[in-house]
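Examining the three-dimensional arrangement
Below are the chains, spelled out letter by letter.
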Amino acid sequence: MDKTLNSAPVSVRTHIGFFGRMNAGKSSLINALTKQAVSIVSPEAGTTTDVVKKTMEIHGIGPCVLLDTAGIDDEGAVGRMRVAAARRAAESTDIAVVLFSEEDCRAEAAWVERFHAVSTPVIAVLSRADERTDAENTGLQEHIRCETGITPIAASAVTGEGLEALQEALIRAAARAAEKPSILGSLVKPGDVVLLVMPQDPQAPEGRLILPEVQTIREALDRHCVSLCVQPEELPAALACLRDPPALIVTDSQVFDRVYALKPAGTRLTSFSVLFAGCKGDIDYYVQSARMIDTLTEASRVLIAECCTHAPLSEDIGRVKIPGMLRRRTGPGLTVDVTAGADFPADLGTYDLVIQCGGCMLNRKSVMNRIQRAKDAGVPMTNYGVAIAYIKGILDRIDTGRN
């Protein structure tokens, strides 16, 4: 059986990043912690040239992704690219393990500050403890505590010293990192009927559902709701079969208006994209930013930011449909740029609006970092579902589940 069908998606796994200088022992520590050869280990500095990702289950932590990054002190043109990759990895890191290996710890301290600035839990490790005496380790631990405010765990991948303490620290940090908003929020309670309207158009993957649909159905089941799934054409028949109106209808943003016209009085309506805006992003900022659509002109510039990479189809929502909706309001001259996957411009200052997809392929930390970058640049940012609801004039009638 295909393991990908039975494993947790990367976007819902706890991302644990390991950061430190070249040859600080990051790869060795990961291998010792997991008891697997996850990363290549070599005495030659710079062996890890790009971020190595390993998805796995760790007892007490659950499904996680381990990120082994290049040295933060790497140099030269290629070295700077490696450090840039480590910085990108930091943006998706839920828990940061920062390795200290020398008395001069200014570089590591700067990374600790970077993580604290975005409220990422940091676990400090004094690596390669077997190469020093106990007294030397104790002295370095105190020095690092004075510099960073964190007492590092003295650990050795060779002897196993400190590995149990590190795992316990990771378990505690993972428990805090797991406290994330739910998808359905306050929209449902046990026993409610949830009707999911899911168009299976050419964009839908053959033989399976897209990730937001799967995750929403799973949460509805976990919350003991009655879940019914239909395509838009079958919505009238589904409603007619029900003794009472459903408590909630969740639909694709593209058919908001069609579904809204059929929605029974008293039934709440939302979309998959709006739900993910609430559980993965800043729904209030998205709603506020969507109103900036009215200020766009042909001279404006909009960024469409997809979080996944796929072969675009003729009716692609991000590359075709949303730009078309915007240009019908502003005129054909509106500039629309599109990025996909991990690509996200370092400089957002040239844009008047950023419209991101639901973000189902990214973890919450990644999405929140993107939002913060937009806020820092003074650029409004919304997402597909919120933008479409605003354009269709029904945003004030859509439930977000955050109340």
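Below you will find a few notes about this structure. (Residues numbered from 1 in each chain as written. Predicted model: local features only at pLDDT ≥ 70, side-chain atom pairs only at ≥ 80, totals over all residues. Heavy atoms only, no water.)

**Considering the sheet that holds strand β13 (residues 353-356)**
The line we're drawing: Note on pairing: DSSP must find at least two bridges between two strands before they are called paired. Secondary structure is summarised from DSSP: a helix means a run of H or I of at least four residues, a strand means a run of E of at least two, and numbering begins at the N terminus for each. Lines fitted to C-alpha atoms define the axes here, with helix axes fitted over just the stretch in contact, and angles between the N-to-C directions of these axes take values from 0 to 180 degrees. Should any heavy atoms of two residues lie within 4.5 Å, those residues are counted as being in contact.
Read from one edge to the other, the open sheet built from four strands follows the order β12-β11-β13-β14, with strand pairing classed as parallel. Sheet topology places β12 (335-339) and β14 (381-383) at the edges, where each strand pairs with a single neighbour. For this sheet, the mean angle separating the axes of adjacent strands, direction not counted, is 25°. Direction of pairing for strand β11 (residues 301-305) relative to β13: parallel, over a ladder of four bridges. Considered in β13, the bridge of V302 is made with L353. Its contacts with the sheet place helix α10 (residues 283-290) against β13 and β14, and it is angled at close to 100° to β14. Contacts from helix α13 (residues 384-391) reach β11, β13 and β14, with the element oriented near 90° to β14.

**Some thoughts on the side chain of S300**
Operational definition: Pairing of N or O atoms within 3.5 Å defines a polar contact, subject to two protein rules: one partner must be a possible hydrogen donor and the other a possible acceptor, and residues neighboring in sequence count only if both atoms are side-chain atoms.
Position of S300 relative to the elements: it lies in the loop between α10 and β11. At 2.9 Å, the side chain of S300 and the backbone nitrogen of T297 are in polar contact. Not counting the four nearest positions on each side in its chain, S300 is found in contact with T295, L334, T335 and D352.

**A closer look at the nonpolar core**
Quick reminder of the rule: Grouping buried Ala, Val, Leu, Ile, Met, Phe, Trp, Tyr and Cys residues that are joined through side-chain atoms within 4.5 Å yields what is termed a nonpolar core. Under the scheme applied here, a residue whose accessible area is under 20% of the maximum for its type counts as buried, over 50% as exposed, and between as partly exposed, the area being computed with a 1.4 Å probe on protein chains only.
Residues L326, I355 and V386 are the most contacted members of the largest nonpolar core, which totals 54 residues. Ranked by the residues each element gives to this core, the list is headed by α13, at seven residues. Apart from residues lying up to four places away in sequence, L326 is in contact with I293, L296, V302, L334, I355 and I391. In terms of nonpolar packing, the next biggest core, distinct from the first, is built from 25 residues, F18, I95, V97 and L163 among them.

Functional significance is not addressed by these values, which are geometric in nature.
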